[in-house]
Amino acid sequence: MELKKDINAVSIDMLLIVHSEKRRAAQGTHSDQQADPSALLQRRGGFQGIGNGVRRWQKLEGNDLHENLVEKQHPQQPQVITSYNSQGTQLTVEVHPRDAMPQLLKKFSLAKRLQGDKNGNTRPRQPGGKDAHAYPWDRSSLKSMSLDLRQFEKLDLHASQVTAKSGLDELVSDLLQEAHTDLERVRAIWIWICHHIEYDIAAAQEKDRQAFKPTDILRTQKTNCDGYAGLFERMCRIAGVQCMTVPGYSKGFGYQTGQSFSGEFDHAWNAVYLEGRWHLVDSTWGSGLVDTTTSKFTFLYNEFYFLTHPALFIEDHFPDNKNWQLLKPPQSLRQFENNMYHKSEFYNKGMLSAHPETSMIRTVNGKATVTIESCAPTLFMFMLNGKQEHGLLSLRKNGMKLEVYPPTMGTHKLQIFAKGNSDIYSSVLEYTLKCNYVDMGVRLPAELHQPVGPSWFSEQMGIMKPSHPDPIIHTSDGRCSISFSVEEGINVLASLHGDDGPITEETQRRYIFQLHWEKRTELKVQLPHAGKFALKIFVKKRQEPGNYIFVFNYLLCCANTKVNWPMFPESFGNWGQDNELLEPLSGVLPANRNIPFKLKLHGIAKVLVKGQDTWPLTLNHEGYWEGSCSTAGCQEVYVMVLENANHNFYSYILKYKVNAQ
């Protein structure tokens, strides 16, 4: 062979380095091209550029690793001989003087440093069948391996408090003081990066920005996504754990519902090899978030992106190589673009599923319906175009149901928030609504807040066994009576709200008359006219200071245009919790009439009704105070009580107005 002849001609004072690679005809390798080991390294590593960022990082990492080892190029250039056999195997021979350090040997040394681990493996195993998880998500766990996060409490505290004193090696050494397994080593590195490295928004927006060196990241404690991923990989390898950087597309900062992806990749994350299997992490998104309105980064640790279950990770991460999805079957880019995007808080707050499963919803007869299933009772709220209006949100024991009625035709933005175990509502879902019809008959009161109807939450707040379990109450005559049991020591307050324009807080309550009997509270409601009204229910613990807390509301509907009920009489502080008013219920009395009165009052010695004159009421055998009063010559009528027969001081408990003659 010609090659053999060339080799035999080499002097014994020269050093031979031989490298062979199976030629890849599909990649267009030509017989006159010399193999580039650094390019081979990039192919093996699965790297592609995030705006060339990952590739730049890899080159910088190599320079940084060997900055104290690289020698000056020997002035004598090596002789390079390249040949191929009939099977496409390329054989490259470099002939060097004995005292020279061959460049190819240096590159292989770099490959070993980049791809080796503590067990001496030359490069990480590529993902295979045993790494794949079933798709869709089986609801078993948010993680790709069984974890008890309580086992990390001591380690997490230690890692979060470590400071970078000098170089990366020393930092990793300090972090691993409390780590004894590969899982704990990865955890310590993850926690440190998430709590110390800030996302550099300005750098992320510079297309030609050079990749971050580890030394620069440690100095500034800022980087962008490929810097996070590169730093994580570098620290893992120093710790002896196999790790890869994975570039791809993401539904992150700036993502618009339904958008398509093409061109350069916009994100990078990592895969780590633990307990014989590959797992996924994203330290960029684990460290915090960017406020879309101010474009400022805030540290806010997110556990979700540590060893995330691949069937959940694919919702906002699409890798360049489908094998790094770690899914069976893998998803296509089109599926990634069209699939519903559940934010990490969707799962952090205990959500399991949502319907519809597409981000674009078209209304049917002017209405769109969304349901969410959750692991446990959860509080929800929604916003349509930035306002908490035009929807009915009812809570369920394990989720919620939302009916939305867009006020205009066109495109609308629907956001759904959940509270979970924290005191903060977090955005968990976003939909785009397409509305081509508006039902003018379903206009909802602007004051109809969330939730609508009684639920597990109202029970938790002390309101139980409601007479009307459904959120919507229809009345043909404009009147209704609603009752429920109330926990001992709880006060209830109710108010009525329509869209008539501004009315006083007193007026909002005067169309409701509250009664108490046999440990139940009854709300008698009279509507001032036809239409839709929000009946709000508030509670407050009797012995505690502070304001009443909103619990839920009913939607009251009346289509009878003849309805024109007056307000109830005004009640004062001495109107007892257990008092009962049978008549008159109208707060406005006709002039020049004798009006019958019937009340049940507890612990009262005497009762008087005062108009122009004063009339006493008598106590019957059923325990009711009865009598009548003339409205002639007066504008107001009062009910007064004497609590102690030994005193002469009467208290006002009710006030009526008299119609003008």
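What you see as residue numbers is a count from 1 along each chain, following the sequence as written. A pLDDT threshold of at least 70 governs which residues receive local features in this predicted model, and a stricter bar of 80 or more applies before side-chain atom pairs are shown or counted, although totals over entire chains, interfaces and linings include all residues. By convention in this description, side-chain values take in all heavy atoms of the structure and omit both hydrogens and water.

(A) Just the packing of aromatic side chains, in detail. Two aromatic rings, drawn from Phe, Tyr or Trp (for Trp, its six-membered ring), form a pair once their centres lie within 6.5 Å of each other, and the interplanar angle then sorts them: stacked below 30 degrees, edge-to-face above 60, tilted otherwise. Under the criterion given, the structure shown has 27 aromatic pairs. Taking 6.5 Å as the distance between ring centres and 75° as the angle between the ring planes, the aromatic pair formed by Tyr305 and Phe313 counts as edge-to-face. The residues Tyr305 and Phe313 share a single accessibility class, namely buried. With a centroid separation of 5.0 Å and an interplanar angle of 80°, the aromatic rings of Phe346 and Tyr347 are classed as edge-to-face. Burial classification: accessible surface area is computed with a 1.4 Å probe over protein chains only, and a residue below 20% of its type maximum counts as buried, one above 50% as exposed, and the rest as partly exposed. Take Phe346: its relative accessible area is 0%, and that puts it in the buried class. One aromatic cluster is present, built from ring pairs that chain together Trp137, Trp269, Trp285, Phe304, Tyr305, Phe313, Phe346 and Tyr347. A positively charged side chain is recorded as over a ring if its NZ (Lys) or CZ (Arg) lies within 6 Å of the ring centre. The angle to the ring normal must also be within 35 degrees. Here the guanidinium or amino end of Arg187 rests over the ring plane of Phe306, the centre of that ring lying 4.8 Å away. Stacked on the ring of Tyr624, the Lys or Arg Lys598 has its end atom at 4.9 Å from the ring centre.

(B) Geometry of the packing of helix H6 (residues 168–175) against helix H10 (residues 225–238). Interaxial distance between H6 and H10 falls to 10 Å at its minimum, and their mutual angle equals 70°. Between H6 and H10, the crossing angle belongs to the class labelled roughly perpendicular. Crossing hand, H6 versus H10: right-handed. Where H6 abuts H10, its residues Leu168, Asp169, Leu171, Val172 and Leu175 lie against Leu231, Arg234, Met235 and Ile238. Looking at the contact of H6 with H10 residue by residue, the class counts come to seven nonpolar, no polar and two charged. Each axis is a line fitted through C-alpha atoms, and for a helix only the stretch in contact is used; angles between axes span 0 to 180 degrees, taken between their N-to-C directions. Secondary structure follows DSSP: runs of H or I at least 4 residues long count as helices, runs of E at least 2 residues long count as strands, and numbering of each begins at the N terminus. The scheme is simple: roughly parallel for angles under 35 degrees, roughly antiparallel for over 145, roughly perpendicular for 65 to 115, oblique for anything else. Crossings are classed by handedness, with left-handed meaning an anticlockwise turn of the near helix from the far one by less than a right angle and right-handed meaning a clockwise turn. Should any heavy atoms of two residues lie within 4.5 Å, those residues are counted as being in contact. Throughout, the ten residues Ala, Val, Leu, Ile, Met, Phe, Trp, Tyr, Cys and Pro are labelled nonpolar, Asp, Glu, Lys and Arg are labelled charged, and all others, Gly among them, are labelled polar.

(C) Quick look at the packing of helix H7 (residues 182–196) against H10. Relative orientation of the contacting elements H7 and H10 amounts to 145°, with a least axis distance of 10 Å. Read as a crossing pair, H7 and H10 show a hand that is right-handed. Residues Val186, Ile189, Trp190, Trp192 and Ile193 of H7 form the contact with H10, whose participating residues are Tyr228, Leu231, Phe232, Met235 and Cys236. Each residue belonging to the contact of H7 with H10 can be placed in one class, and the counts come to ten nonpolar, no polar and no charged.

(D) View of the sheet that holds strand S26 (residues 490–497). Here we have four strands laid out as an open sheet, ordered S24-S30-S29-S26, and mixed in their pairing. Each edge of the sheet is formed by a strand with only one pairing partner; in this case those strands are strand S24 (472–474) and S26. Taken pair by pair, the neighbouring strands of this sheet meet at an average axis angle of 25°, ignoring direction. Note on pairing: DSSP must find at least two bridges between two strands before they are called paired. Bridge analysis of S26 against strand S29 (residues 531–541) gives eight bridges, and the strand direction is antiparallel. The partner of Leu496 across the bridge, within S29, is Leu535.

(E) Representation of the nonpolar core within the structure. Residues Phe232, Met235, Leu414, Ile416, Tyr431, Leu535 and Leu556 are the most contacted members of the largest nonpolar core, which totals 121 residues. The element contributing the most residues to this core is H7, with nine residues. Contacts of Leu535, omitting those with residues within four sequence positions, involve Ile482, Ala494, Ser495, Leu496, Ile512, Val525, Phe552, Asn553, Tyr554 and Leu556. Residues Leu515, Leu599, Ile653 and Val658 belong to the second largest nonpolar core, which totals 24 residues. For this analysis, a nonpolar core means a set of buried residues of the types Ala, Val, Leu, Ile, Met, Phe, Trp, Tyr and Cys, connected via side-chain atoms within 4.5 Å.

(F) Structural view of the sheet that holds strand S13 (residues 317–319). Spatial strand order, S12-S9-S8-S7-S13: five strands in an open sheet with antiparallel pairing. Both edges of this open sheet fall to strand S12 (306–308) and S13, since each of them pairs with a single strand only. Across the sheet, the mean angle separating the axes of adjacent strands is 50° when strand polarity is ignored. As judged from the five bridges shared by strand S8 (residues 267–274) and strand S9 (residues 277–281), these two strands associate in the antiparallel manner. Its bridge partner lying in S9, Tyr273 is registered against Trp278. Running over the sheet, H7 touches S8, S9 and S12 and is turned about 110° from S12.

(G) Region of interest: unusual backbone geometry. Cis geometry marks the peptide bond from Lys328 to Pro329, where omega comes out at 0°. Within the element layout of this structure, Pro329 appears in the loop between strand S14 (327–328) and helix H13 (333–338). The amide bond that connects His355 to the next residue, Pro356, takes the cis arrangement and shows omega of 5°. Structurally, the position occupied by Pro356 is in the loop between strand S15 (351–355) and strand S16 (360–362). The backbone phi angle of Arg139 is positive, close to 70°, even though this residue is not glycine. Within the secondary structure, Arg139 is located in the loop between strand S4 (133–134) and helix H5 (153–161).

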